[in-house]
Amino acid sequence: MNQLNFPGVIGAIDGTHVAIMKPLNEHNFINRKGYHSLNVQIICDSTMKVLNINANFGGSTHDSFIWRHSGIQRQMQQLYRNGERCWLIGDSGYPLQPYLLTPVLNAAPGTPEANYNAAHATAQRTARYEPRFVGNMVTACTVLHNLCIEYNVPLHNNRGMQEMDMPAVQQLLNNFGAVNDLLNEGQEMDMPAVQQLLNNFGAVNDLLNEGRHVRQNIINRYFQ
């Protein structure tokens, strides 16, 4: 997105709610506006080309949860660890990480941070499509749907769920549940499980601090 005065940024990420009919387990699909939907995570570049899409989560799921449990998050993390310096940008609903840049909260007018926020907002708008463009996307999906029927391509499969690392998610939920049960029952706590939880929180905090450092370096270099 160099043409948007945001060097090193390869895409913008955002969630969009796609309305659906009431499903059986509706509590997973009622979004904050009160209707049933899928919360679809989309990443696109400055030309509006969709780079990645994740449509595995119901409307009640927060954007940050989808990001944390998506394959693209792990890919971006691995690229960063391998020395690649490229970033996605997302709004304040996402966690600040060394490879995911978010706005600076409460930036004073006229400061480099405010300049950064202005460029960030311009670039972020690439992930928010105009109604006509969305209409074209829906039409294209309908054409593909009909082609699948015409050529006997299965419409229902579980390949999309491969995006989500379910064992890791379930293990985290199990750890929280086990610790909570022990606390409620007044039993001796399983220290390895507790330590694992603390390590998880520590890793998240480390990513946040490193993200702040990366973002500030970008501000100092490009937005003075």
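Source: prediction; values computed, not measured.

Quick notes on the rules
Residues take numbers from 1 onward in each chain, read along the sequence in its written order. pLDDT decides what is reported in this predicted model: residues at 70 or higher carry local features, side-chain atom pairs at 80 or more are listed and counted, and totals for whole chains, interfaces and linings draw on all residues regardless. Calculated side-chain values reflect all of the structure's heavy atoms, with hydrogen atoms and water omitted. Labels follow the DSSP assignment, with helices taken as runs of H or I lasting at least four residues and strands as runs of E lasting at least two, numbered in each case from the N terminus. Using a 1.4 Å probe on the protein chains alone, a residue whose accessible area is under 20% of its type maximum counts as buried, one over 50% counts as exposed, and one in between counts as partly exposed. The criterion used for residue contact is that any of the two residues' heavy atoms lie within 4.5 Å. Throughout, the Shrake-Rupley method with a 1.4 Å probe supplies accessible areas, and for residues the shown protein chains are the sole cover considered. When DSSP finds at least two bridges between two strands, those strands are taken to pair. Orientation is described by lines fitted to C-alpha atoms, with helices fitted over the stretch in contact, and by angles between N-to-C directions that extend from 0 to 180 degrees. We count a salt bridge whenever a side-chain nitrogen from Lys or Arg sits within 4 Å of a carboxyl oxygen from Asp or Glu. Ring pairs shown here join Phe, Tyr and Trp side chains whose ring centres sit within 6.5 Å, with only the six-membered ring taken for Trp; geometry is labelled stacked below 30 degrees between planes, edge-to-face above 60, and tilted in between. Patch membership requires more than 30% relative accessible area and the absence of a salt bridge. Residues of like charge join within 9 Å; the nonpolar side chains Val, Leu, Ile, Met, Phe, Trp and Tyr join within 5 Å. Multiplying one less than the number of residues by 1.5 Å gives the expected span of a helix. The term polar contact refers here to a pair of N or O atoms within 3.5 Å; inside protein, the definition further demands a hydrogen-donor-capable atom paired with an acceptor-capable atom, and it admits residues adjacent in sequence only when both atoms are side-chain atoms.

Novice: Looking at this model, I keep getting lost on the overall build of the protein. Mind explaining?
Specialist: Across its full length, the protein carries 6 helices and 5 strands. Secondary structure elements of the protein, listed N to C terminal, follow the sequence β-β-β-α-α-β-β-α-α-α-α. In the protein, buried positions account for 35% of the 224 residues. Taking contacts inside the protein between residues at least 6 apart in sequence as the whole, the part at least 24 apart equals 58%. Carbon and sulfur atoms form 55% of the exposed surface of the protein, whose accessible area is close to 13,800 Å².

Novice: What is the right way to read the environment of Asn31 from this model?
Specialist: For Asn31, the position within the fold is in the loop between β1 (9-19) and β2 (37-44). A sequence separation of 12 residues divides Asn31 from Ala19, and the C-alpha atoms of the two residues are 9.6 Å apart. Aside from chain neighbours lying at most four places away, what touches Asn31 is His17, Ser37, Gly59 and Ser60.

Novice: It is not clear to me how the sheet that holds β2 should be interpreted in this structure. Could you clarify?
Specialist: Sheet strands pair via backbone hydrogen bonds, and the direction of the pair is either parallel or antiparallel. Read across the open sheet, the 5 strands follow the order β3-β2-β1-β4-β5; overall the sheet is mixed. Since the sheet does not close on itself, it has two edges, and those belong to β3 (50-54) and β5 (100-101), each with one partner. When β1 meets β2, the two strands line up antiparallel, connected through 8 bridges. Within β2, the position partnered with Thr16 by the bridge is Val40. Helix α3 (residues 112-124) contacts β1, β4 (87-89) and β5 of the sheet and is inclined by roughly 55 degrees relative to β1.

Novice: Would you take a moment to explain the pattern of salt bridges for this structure?
Specialist: Oppositely charged side chains are able to pair whenever their charged atoms sit close together. Summed over the entire model, instances satisfying the criterion amount to 1 salt bridge. Across the pair Lys22 and Glu26 runs a salt bridge whose closest N-O atoms are separated by 3.5 Å. Owing to a relative accessible area of 25%, Glu26 belongs among the partly exposed residues under this scheme.

Novice: Any chance you could explain the pairing of β1 here in plain terms?
Specialist: A regular strand carries its side chains on alternate faces of the sheet. Pairing geometry for β1 and β4, over 3 bridges, is parallel. Opposite Val9, over in β4, you have Trp87 as the bridge partner.

Novice: Just to check I follow, could you spell out the packing of aromatic side chains for this structure?
Specialist: The geometry of an aromatic ring pair is captured by two quantities: the separation of the ring centres and the angle between the planes. Enumeration according to the criterion identifies 4 aromatic pairs in this entry. A centroid spacing of 5.9 Å and a plane angle of 80 degrees characterise the contact between Phe57 and Phe65, whose relative ring orientation is edge-to-face. The buried category is assigned to Phe57, whose relative accessible area is 5%. An aromatic cluster is built from Trp67, Tyr80 and Tyr99, whose rings are joined through pairwise contacts.

Novice: Got a minute to help me understand the pairing of β3 in this structure?
Specialist: Pairing of β2 with β3 involves 4 bridges; the strand directions are antiparallel. When the sheet's bridge partners are listed, Ile42 is paired in β3 with Ile53. In this antiparallel pair of consecutive strands, β2 and β3, the connection spans 5 residues, and Met48 shows a positive phi of 75 degrees.

Novice: I keep staring at a nonpolar patch on the surface and nothing clicks. Help me out?
Specialist: A cluster of nonpolar side chains, contributed by Val143, Leu144, Leu147, Tyr151 and Val153, occupies part of the molecular surface with about 480 Å² of accessible area. Relative to the helices and strands, Leu144 is located in helix α4 (residues 131-150). Classification of Leu144 as exposed rests on a relative accessible area of 52%.

Novice: Looking at this structure, I do not really get α4. What am I missing?
Specialist: Think of an α-helix as turning once every 3.6 residues; residues three or four places apart then point the same way. Spanning 20 residues, α4 covers 29 Å between terminal C-alpha atoms, matching the ideal 28 Å at 1.5 Å per step. Positioned one or two residues after α4, Asn152 has a phi angle of 60 degrees, which is positive.

Novice: Honestly, the side chain of Asn39 in this entry has me stumped. Any pointers?
Specialist: Mapping Asn39 onto the fold places it in strand β2. A polar side-chain atom of Asn39 sits 2.9 Å from the main-chain carbonyl oxygen of Thr61.

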